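These are the residues of each chain, in order.
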Amino acid sequence: ASIKQLCRKSTSYDFQSFLLLKMWCCKLKEICSKVTSDTENKYTVELPEDCVVEIINICRNNFENAIKGVSELCFEAFRNILAVTYFGWTDEAFQQQFLNNILDQTMSLKWSHKSKYPQLSAIIPLVGVTEVLALYPSLPSNLSVSLTSPHLVHAGVEIYKLLIKVQNLSQWTDNFGNILVSNLLHSKTGVRVSCLDQWLPATLKQISSSQTFILDQLGSLKSEEALVATVTTLKICKKLGISQDIVGNVDHLEKLKECLLHSSPDLRCTAFAVICHAKKRGTVPSSSELPLILEFLATNGSVGCTKFRQSVESSFAALLMRCRDYSAMMFRNKEKNKDSGELETIIQFLDDCLETLICNLLPGGNYQRKIYSLDLLLVFISNFFCFSNQGANKCSGNGDPQDFMNYANEKNKICLFTNTNFNVLILNIDDHMSDVKAKTEVILNFFDPSNGDIVAISEKMHTLVNSAKEGNCESGALLAKLICNWGKNRPQPEDLDIDLQSVCDYLLDLYKSTLKKFGEDFLLCARSSPLYGIITSLRKCLLDSNSAEKISFNQEKLADLIQLMEETVNFMLKILCGDMIENESANPDFQEIAVAINKIIAASEDDEDLDDEIPISEDHQLVLSAAWHSLKECALLAGNLVNLLPLECTPSRESNSMSLLNTERCSKILFSILSSCRHKGAIEATNLACGLFASSLLTSNIQPFHAIISSMLGQVFQQLKTSWSNSSYTRRSAGLPGLIQKLISSEPSNKARTLLPIAVSELIGLARTEVKDDKESEDSAASHALHILRGIVQDAHVSREIGQYITRIAGVCLETFQSSSWSVRNAGLQLFGSLSPRIVGQKKIRDDVEGYNNVNVEEVAARFPGLVQLLLDKLESSLENKKCLLDPSIVPILTILARMESSSQSQLNIQVIRCVEKFSNSPVVQVRSLTAQILGQFVQFLAEEVVAKILRKVGDEDNVGIDFYYTNQRHFDVLLVLELVKRYKLESLSTLSTSMYEVDQLTHCYVIKAEILLIQEFLKSKTSEAFPTHTIGTYVCEPGFHHWKQLQRQRDSSVDIENPSVNSFEEAKDVVEAVITSADNVDHALKFLQKLLDTPEHCNGLLVSKLIDFFLSDDVLEKLNPTFNNQLFNSEAAMDLLDALDHDLFQSEQLGVATSGKAMKLRASCLNIMLMQEDWEWFFGDTSEYVSRLVENSEQILKYSAPENIETSRQLAGESLLAYLPTFKQRTIKDKMTLVLQFGFVNFLNASLVILQDEDPDLRAIAVKFGSGLPRMDWTCQYPALSKHLATNMVVWFGLDQLAQVIELFTPVVETIIAPSHLPVDSILTDQSPPVAAGLFKRGDGVNVYSEGGYTMLTYYSCIKQYLLHDNPGLGLVLNMDNVVLVGQRMNEILEDERMVFSKTRTVKGFNMITSVQAMVNLVVKLDVTKTKPDEDQKEEMNRICSSFTDHALWPNFVR
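Residues numbered from 1 in each chain as written. Predicted model: local features only at pLDDT ≥ 70, side-chain atom pairs only at ≥ 80, totals over all residues. Heavy atoms only, no water.

## Remarks on the overall build of the protein chain
Okay, so step 1: Regarding its fold elements, the protein chain presents 67 helices and two strands.
Okay, so step 2: Long-range contacts, defined as pairs at least 24 residues apart, comprise 73% of the intrachain contacts of the protein chain with a sequence gap of at least 6. (Helix = DSSP H or I, 4+ residues; strand = E, 2+ residues; numbered from the N terminus. Contact = heavy atoms within 4.5 Å.)

This is how it looks when you write it as structure tokens:
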């Protein structure tokens, strides 16, 4: 009884309470089993049924308990207590009936409720799989509901495993075969992924030969979903060691080749996994698979999908482990003069892999390429250069590759630590992305650079740590740590006064000198050498675990460092807060901070001419950045010092421990920032530091350090009670919630929390403090307390203990809704928003109509005793509030209750219904809607009963003595019908529809009529029966009329579309809505579009856009397609549309950019229709107007495809290209189309190449589809769907083949040959632009972070080279050969002179220019690209230049 009582209330030891329940049930089961077996079933341990039911209900109410581990304990207790009935109850029939009742109750639950699944997992083994399937034959199909939501997947697969565990292939095929295949091909991605990840592996592992059935079902399908399922099946079979000779005549290798080159990243990475994985780790891929791997690694670096990269990394790790173990074993065989197998082949393969990965790290690569290659490179290093028998390698006892690697290195293979590789890697330290820098730094730690390189790196480090940009400072800090790790006796830079024998000492001295300069001229330092880069570097060198100078400061240096931090924090806070910082009870707001910063700027003699057009000047940004970044770094340094250094009250002078005094000083630093600073970045960093700080002190065994945390907590509460709490308008109390949250959550979880109850009690008391009426929007102690409570409620670290306080916190939260202070009400509303997921859980899916997001009200009452009653009491009391239309607590409470449901007739259920029903006649529509939703989830009657009540009330309206049936009440009743219908609480669709028609006839309110239409539409979706609706004339200004009209129009429209009369915008809208209902209205739509464009007073972008969408719909385009309809008609319709689209409103974009973009796409569709006619040449002759229209359309597409345009414009440009794809497929351009017309087609191809480099993956997919659909030459890849890399190749090859007459305008030719050949020799890699002051941000449009200059250039070069090597005619370009030679010579001279690590030739701009010049010279001298060939001297000089490029370029083989 005591254990059950503990489980019924919420405490700080809930987990332990349920652990006791589980242990009690387990022990009871053991006792029952032992007594039964020892007495040979003569004696049993009797357990009353009501006790069993009570325990079952406790478990049921906590299967979805938010406290980690409780649901698992409930499952064990539930299973054990059911087993007790088996051993303890002598009446087998009664015991079986009891289990069947429990099973019936469980099966009555919704499949969208997670609590159903653990109950089934416990019951099915006791009842029996065969018996359960016989009782519930629909269980297999219903179980697939678990695949629809992530929170149900794992629970569902456990039941699936239970069911198939006892089935053979035939039984599984009958019960689950078709269900599994249909889910593998499901239209929803989430369902497919869940089935692939969970059900498919379990099936293949458990059911022998199930792969035969699955692959037979999928083999004939060509969809992407079917290919993914097929390849995933092959992958799992390979990992399980199952034979794959099962697909009939399908060649597995050919299937993998197709999938490796497919447009879908998921399919490509799955196919890659098939090759990489194997059950036997000592085997390697076949000789035909190795080239596929290399090609995959080289061409998939820029895929913008994190899941893709993670999957490839996992597969690559498995591949390298196989290669490592195999190579080590074969090398031992070689030493013993045994067969060494494919050792040399694997060595070459690994060398090629390493070269490919390093090659992907050259300047100009995008983030996706770099992080992809760095991740794989780290996997490579861990397998071959830093091997350890730990983690994934623990089974590779014989796989140590050291001897094998020595052998490979002697042959100059698999050499990572070369100067060339170092020069490439070090450039990535200066990347924009933090994770790229961090992973590069890890790899560079393994290198041993030359003295000259260290000098150059030291100078670069000094420059970067003094930069005003955070990214540069981070790069400088990593360089400083690398210098630490590259050993002592480092060379000293001659140009700088730097002693690098101790980097930390150098940084500390630099810190002191720079802080002194800040006091002299803050703005000048903020521009040239802000402090935070130095502090960041010092933190990394002194405290990072992989730093050679970790914790190298003694007490004197630690004291100096903390003193500098104190001075920095005080100084920066004064900069931000001005004179207010001297008043401890003041808390400056953002406006006061801005005033203080402007005073600093005004004091600078350089700040004479500010740009009034910029809201925040560059200097303002620099000052603010320098201040908050310095505060942030000081906080992180203070927190990490306490967290990472040993704690000692009074350490010796040479000790590196943190003394009690220094720890207290650090605590003051943190508290000063959080109580005075408003900047989000500084606050977040300080909160993080507070967590490290408090965690270290609270886990220490030294009591004086514990007292610091209690003192900080008390200091916060004391400050909240002073005038500080209402001194400013803050951002959610700024740092205080985070501070208290971190202090509380840092208490060790294995000990009783002492700070949490103190904090909650204090905060609840503060939240109830009164606020003066004249301080309506000002902060107060109450608002701060509420914000802090919100932070505590949201903190996952105290989730086990916070449950017991939820009811109290909810009570005070509801009280704040009545406060006269806006800040208190706002804080209370935010707190309520945090309480909601604690009470009813996070929302699992959006737009939930199946109840996935709902929780049983009994479960809430069990987890939070008194909470539901509190909510209901508050609702009851709110009815007495007559001061306002609606008590402010009603909607929040109803919103919480709307997430609860119940299918029982318990007292609590009845109480909820009675309370909520009182709001059915509310004047607020949202309240009526929430009330209907709640009752729909609680009541047990049918929709027909509510409709009958509506009809009865309407009929009684005229009777004397009968209460009037108010419209609000009728609206609620109809809403309740809608909610009941959504939940299938009805008996007859036809009867209900007829009754709703009667209600519609008796209803004149269009708000209600709109709801009736929704009910009818829902009923219609469940049957083919046509349901009538009633309509009457009315004023257009009536509430709900336009909403009802829109719904009604979707069913039927009586608007005249043949000769429409339009006198207002509303009438024009009605005509448009009527026209677009059917594809047969093409003529009417065209006529009305022309009329609308000529009536500007009724015309706007919305209406025109709807009409254009109609013309672009699949049904209309199909009607215009010459394949299906009369070609003459199609041509005339297309020409009429083109005439309409030439209207000035489209040309001037007056209707909006999106509408103009759609018009562009419609023009493309119309012109494509005309080009598809048999007599297309008649339309597109030399003098035809349609040629100019096509060229103009192509120019607009090219313009809209550029990165400076909005995403919608770029997408429409891509879709316009797809509209022309049928013409590309059917028409020959070369020698068939006029020269002017070819100008348009070269624009199309150039636009597609731009979109292929777009930063949006969806837009790239459009261009990939276009490239994959182009006609191909015989020697190219012939698979239907291609990857981005191959799609780019197809575009380039098509252009080279078909556009020879306008090849000078084709982007690949321009960028690789024409543009570099016209470079002015004197301006190559020189910056002749005037110097610009360095700022924090680059201003400008069109920045494309995905675009890759050098790598794109390489793709173009390779395509041109391959095209010409396949005996195709030359390009016939006219170039100035003398200038080509001069450009090559000048570039070669620069490469020879610029050999430093960070030279200008190794910048992105420099590398791209070098690549283009190298490509040009190679193509000119080796292939037929020019009309006039170079003479022998020029050819000899260009050959010499090519050879010199190979010797001096950053990556010699980049352009081969």
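## Details of a nonpolar patch on the surface
Okay, so step 1: A cluster of nonpolar side chains, namely Leu1235, Val1236, Phe1239 and Leu1305, defines an oily patch on the protein surface of about 310 Å² accessible area.
Okay, so step 2: Note on placement: Leu1305 falls in the loop between α62 (1284-1298) and α63 (1307-1317). (Patch = residues over 30% accessible without salt bridge, like charges linked within 9 Å, V, L, I, M, F, W, Y side chains within 5 Å. Areas by Shrake-Rupley, 256 points an atom, 1.4 Å probe, with all protein chains shown as cover. Salt bridge = Lys/Arg side-chain N within 4 Å of Asp/Glu carboxyl O.)

## Quick look at empty space enclosed by the protein
Okay, so step 1: Counted under the stated rule, the structure contains two cavities of 30 Å³ or more.
Okay, so step 2: Looking at the largest cavity, its volume works out to about 180 Å³.
Okay, so step 3: Taken together, 17 residues make up the lining of the largest cavity; nearest its centre are Asp14, Asn65, Ile67, Gly803 and Phe864.
Okay, so step 4: Contributing elements (two or more residues each) for the lining of the largest cavity: α2 (14-38), α37 (799-802) and α40 (857-863).
Okay, so step 5: Class assignment for the residues of the lining of the largest cavity results in eight nonpolar, five polar and four charged.
Okay, so step 6: Looking at the second largest cavity, its volume works out to about 90 Å³.
Okay, so step 7: Along the walls of the second largest cavity sit Leu1391, Thr1401, Arg1402, Phe1407, Ile1410, Thr1411, Gln1414, His1448, Ala1449, Leu1450, Trp1451 and Phe1454, which together make up its complete lining.
Okay, so step 8: Here the lining of the second largest cavity gets four residues from one element, more than from any other, and that element is helix α66 (residues 1404-1422).
Okay, so step 9: For the lining of the second largest cavity, the per-class residue count stands at seven nonpolar, four polar and one charged. (1 Å grid on protein atoms, 1.4 Å probe; cavity = no way out; pocket = protein on both sides within 12 Å on 5 of 7 lines; lining within 4 Å. Points joined across faces, edges and corners; volume = space filled by probe spheres on them. Nonpolar A, V, L, I, M, F, W, Y, C, P; charged D, E, K, R; others polar.)

## Here we look at helix α24 (residues 470-485)
Note: α-helices contain 3.6 residues per turn, so residues at a spacing of three or four share the same orientation.
Okay, so step 1: Look at α24: 23 Å from first C-alpha to last across 16 residues, which is about the 22 Å you get at 1.5 Å a residue.
Okay, so step 2: Residues of α24 that are buried in the fold lie against α21 (419-427), α22 (434-444), α23 (451-465), α25 (503-520) and α27 (532-543). (Expected span 1.5 Å × (residues − 1).)

## Notes on the packing of α27 against helix α30 (residues 618-644)
Okay, so step 1: The contact between α27 and α30 brings their axes to 8 Å, and the two run at 15 degrees. Classified by the angle between their axes, α27 and α30 sit roughly parallel to one another. Every pair of crossing elements has a handedness; the one defined by α27 and α30 is left-handed. Here Tyr532, Ile535, Thr536, Arg539, Leu542 and Leu543 of α27 come into contact with α30, specifically with Ser625, Ala626, His629, Ser630, Glu633, Cys634, Leu636, Leu637, Asn640, Leu641 and Leu644.
Okay, so step 2: In the contact of α27 with α30, the residues fall into 10 nonpolar, five polar and two charged. (Axes fitted to C-alpha atoms, helices over the stretch in contact; angles between N-to-C directions. Parallel < 35°, antiparallel > 145°, perpendicular 65-115°, else oblique. Left-handed = near helix turned anticlockwise from the far one by under 90°.)

## Looking at the nonpolar core
Okay, so step 1: Within the largest apolar cluster, 456 residues are counted, with the highest numbers of intra-cluster contacts made by Leu641, Met900, Phe1180 and Phe1224.
Okay, so step 2: Excluding its chain neighbours within four sequence positions, the residues that come into contact with Phe1224 are Ile1229, Phe1241, Phe1244, Leu1245, Phe1266, Leu1270, Pro1271 and Phe1294. (Core = buried A, V, L, I, M, F, W, Y, C linked by side-chain atoms within 4.5 Å. Buried < 20%, exposed > 50% of the residue type's maximum accessible area, 1.4 Å probe, protein only.)

## A short note on unusual backbone geometry
Keep in mind that most residues, glycine aside, have a negative phi and that most peptide bonds are trans.
Okay, so step 1: Its identity is not glycine, yet Tyr984 carries a phi of approximately 60 degrees, on the positive side.
Okay, so step 2: Tracing the backbone through its elements, the reader meets Tyr984 in the loop between α46 (967-982) and α47 (989-1001).
Okay, so step 3: One non-glycine residue with positive phi stands out, namely Asp1231, at about 65 degrees.
Okay, so step 4: What makes Asp1231 exposed here is its relative accessible area of 66%.

## Some words on the packing of aromatic side chains
Okay, so step 1: Applying the stated criterion across every chain, the model contains 33 aromatic pairs.
Okay, so step 2: Look at Phe296 and Phe308: their rings are 6.0 Å apart centre to centre, the planes differ by 35 degrees, and that puts the pair in the tilted class. Of this pair, Phe296 sits in helix α16 (residues 290-299) while Phe308 sits in helix α17 (residues 306-335), and the two are 12 residues apart along the sequence. Like Phe308, Phe296 is buried. (Phe/Tyr/Trp six-rings, centres within 6.5 Å; stacked < 30°, edge-to-face > 60°.)

## Some details on the layout of surface pockets
Okay, so step 1: There is about 1,300 Å³ of room inside the second largest pocket.
Okay, so step 2: Among the elements that line the lining of the second largest pocket, the one with the most residues is helix α64 (residues 1349-1365), at 10 residues.

## Overview of the pattern of salt bridges
Okay, so step 1: The full count for this structure, using the stated rule, is 39 salt bridges.
Okay, so step 2: The salt bridge involving Arg653 is made with Glu556; its shortest N-O contact spans 3.3 Å. With Arg653 in the loop between α30 and α31 (660-676) and Glu556 in helix α28 (residues 555-577), the pair connects residues that are 97 residues apart, well separated along the chain.
Okay, so step 3: Classification of Arg653 by relative accessible area gives exposed; the value is 59%.
Okay, so step 4: Classification of Glu556 as partly exposed rests on a relative accessible area of 43%.
Okay, so step 5: When the shortest N-O distance is used, the salt bridge between Glu1437 and Arg1440 registers 2.7 Å. Of the two residues, Glu1437 and Arg1440 are both situated in helix α67 (residues 1432-1448); the distance of three residues between them amounts to about one turn of the helix.

## What about the packing of α2 against helix α3 (residues 49-60)?
Okay, so step 1: One can describe the packing of α2 onto α3 by two numbers: an axis separation of 12 Å at closest approach and a directional angle of 140 degrees. Taken as axis vectors, α2 and α3 run oblique relative to one another. Classified by chirality, the crossing of α3 by α2 is left-handed. Side by side, α2 and α3 meet where Phe18, Leu21, Trp24 and Cys25 of the first sit next to Ile55, Ile58 and Cys59 of the second.
Okay, so step 2: In terms of residue class, the contact of α2 with α3 is built from seven nonpolar, no polar and no charged.

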